[in-house]
Structures are given as structure tokens and as C-alpha cells.
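Overview (structure and organization)
Below are the chains, spelled out letter by letter.
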Amino acid sequence: MSVEALLFCTPSEATLLRPTLEAQDLRLYEAADFAAARELVLRHRLRLALATLTCKPRKLEALPQLDLVLLGQDQPQLARRRLRDGAADWLSLPLRASAVQRMLSFHRRRMDSGQSTELLSASTLVDALNRAIKSQASEQELRQVIRAGRVLTRDELSPGNGIAAVQAAVTLTQAATDLRVNVQTDPAMRPLRLGTAKTARAVLHLLISAEKQGATLANVSAIELRDSVQIDVYSDIPLGPGNALSTAPVHRILGAVGGQLDLASTTGAGLQIQLSIPKAET
């Protein structure tokens, strides 16, 4: 089945790129400026954008549910920086058919993982309850899962409780998967500008995505800084171009309150994601 995608580049670049991309069964909508690109994404509900650096595609990262793949020369440091900034993938030029196929495989996996954090929370709760019932969990363990599910699936206004959010996300993750998670939180943490449910969904999305890529161990820590709360999510998976972990839903959750997300490779294998969430006004 063909995949529809935006090709955001100059006309001369499109002439060079189009044959390789269309040979991999990509149906392309082309644009050379942001206004035209945005209109095509919204009109056709596109979920994949391929963009060269010539057109300065950073604004595309803000469009809803868009998987942004950058095309540029083989520059590992620049590629890692743009991945940390929110791009989903990087393809080195000149394009190779095998690289495009790999990119499409990871794109499909990111889409299959679910762009809706609300849906992910609900499905994880169902998985956790089914697993608890099959393992004949105690009544107390079932109640813990249900309490965590209530935190994640309800909607509430800010301010949010960062400690409750982290604990709910970790409880549900460990109940639904084999991922083992260590937790450290600041016991005196002040309320967040982001609601408890949305904060929990952001952490849950990162944990479940890591588990699906083979992570077996994760660490979650939350500390209060001067104007924000920093939540670090570490898992024992490597970071690299084409990683199937999608941070776009978390970017959108944090962006609504002026928060930030940063990706950082750690020493050896592993990936650390840092969430910065403003504290509620007092």
C-alpha cells in the first residue's frame, strides 16, 4: 500500500529526489514554502513529511501528528541535534532505496504505536487489568492498577501533581509489560502548569515506546528546579536515526504549556529523555 507524504524542498531538489521516492511507492505532495506545505498537510491529513534543510522545515514540527523526516548530507552531529529537536528521522543524501525502505518501516511502526496518548493510556489499562487477572493478582494490586488508570484516563484542569503523574504512569507500565522501572521523585514538588493526566500520559508514552523497542529497564526521576519540574526518563535502548520511538505526541503535550523535551544519548547503550514542565503560578 502506497504512503502519502509531503515533499518539502525546492523544485530542483524535487526533480532529483522524486524518482527514488516514488520507486518506493510513495505518493508525493510537493511544496516549496511553508504556507503551501501546511495547506497540503491539513487538506490531505498527511502523517509523513520529507524535507530538505534548504526550506528551513523547523515550522513543520508544530503541525499535528506529522512525522518529520529530514534529508541532508551525511552530518552525524547535525542529525543527532535535529532528532533531539523533534525530527523523527534523518536520511543522508544522495538517497538510497534501502534507506527509504528503512525509513518507511520505522514510520509505520511509529504510526502503529498510536499517536493518541489518550488511546495509549486506555489500551495500556486494559492490558494491565487482563494481565493482573490472568496472574491472579491480589485485590490490592488490582486496586493499584485501577487507581493508576483513573489518573491517566481522566481529564482535568491544571495545576497538576507531578508525583501522582509519575507514579501512575510507572504503575501502569509495570502492570502491563515486563519493563522494570526505578522511580525517584522530589517529595516536596510543587504543582505543575500541566495537568496530572497529561503529565502521566507523556511519561507513559515514553515508557511504553521504549518497551516496544526492547528496553528491559527504565529509570524515571522528577526534581523541582527554580521555575519548572524536570522529569528524566531513561531506558536501556540506543538512540539513532530511524529510531521507532516517536516523541511528537509528548512535544505537543508539553508545548501547550510552554514545556520542552530534549533527547540525549547516554554513555554506552541507552536513551535519556528530559521533560521540562513549568510550575503552576502561585
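The following paragraphs examine the structure supplied in this document. (Residues numbered from 1 in each chain as written. Predicted model: local features only at pLDDT ≥ 70, side-chain atom pairs only at ≥ 80, totals over all residues. Heavy atoms only, no water.)

Once that is clear, we can look at unusual backbone geometry. With an omega of 0°, the peptide bond between Leu93 and Pro94 qualifies as cis. For Arg45, which is not glycine, the phi dihedral falls at a positive 55°. With respect to the element layout, Arg45 can be found in the loop between α2 (34–44) and β3 (48–52). A positive phi is found at Lys56, a non-glycine position, where the angle reads about 50°. Relative to the assigned elements, Lys56 resides in the loop between β3 and β4 (67–72). (Helix = DSSP H or I, 4+ residues; strand = E, 2+ residues; numbered from the N terminus.)

Orientation of helix α8 (residues 196–212) relative to helix α9 (residues 248–255), taken along the N-to-C sense of each, is 160°, at an axis distance of 9 Å. Here α8 lies roughly antiparallel to α9, going by the angle between them. Every pair of crossing elements has a handedness; the one defined by α8 and α9 is left-handed. Contact residues: Lys198, Ala202, His205 and Leu206 in α8; Pro249, Val250 and Ile253 in α9. Considering only residue class, the contact of α8 with α9 consists of 5 nonpolar, 1 polar and 1 charged. (Axes fitted to C-alpha atoms, helices over the stretch in contact; angles between N-to-C directions. Parallel < 35°, antiparallel > 145°, perpendicular 65-115°, else oblique. Left-handed = near helix turned anticlockwise from the far one by under 90°. Contact = heavy atoms within 4.5 Å. Nonpolar A, V, L, I, M, F, W, Y, C, P; charged D, E, K, R; others polar.)

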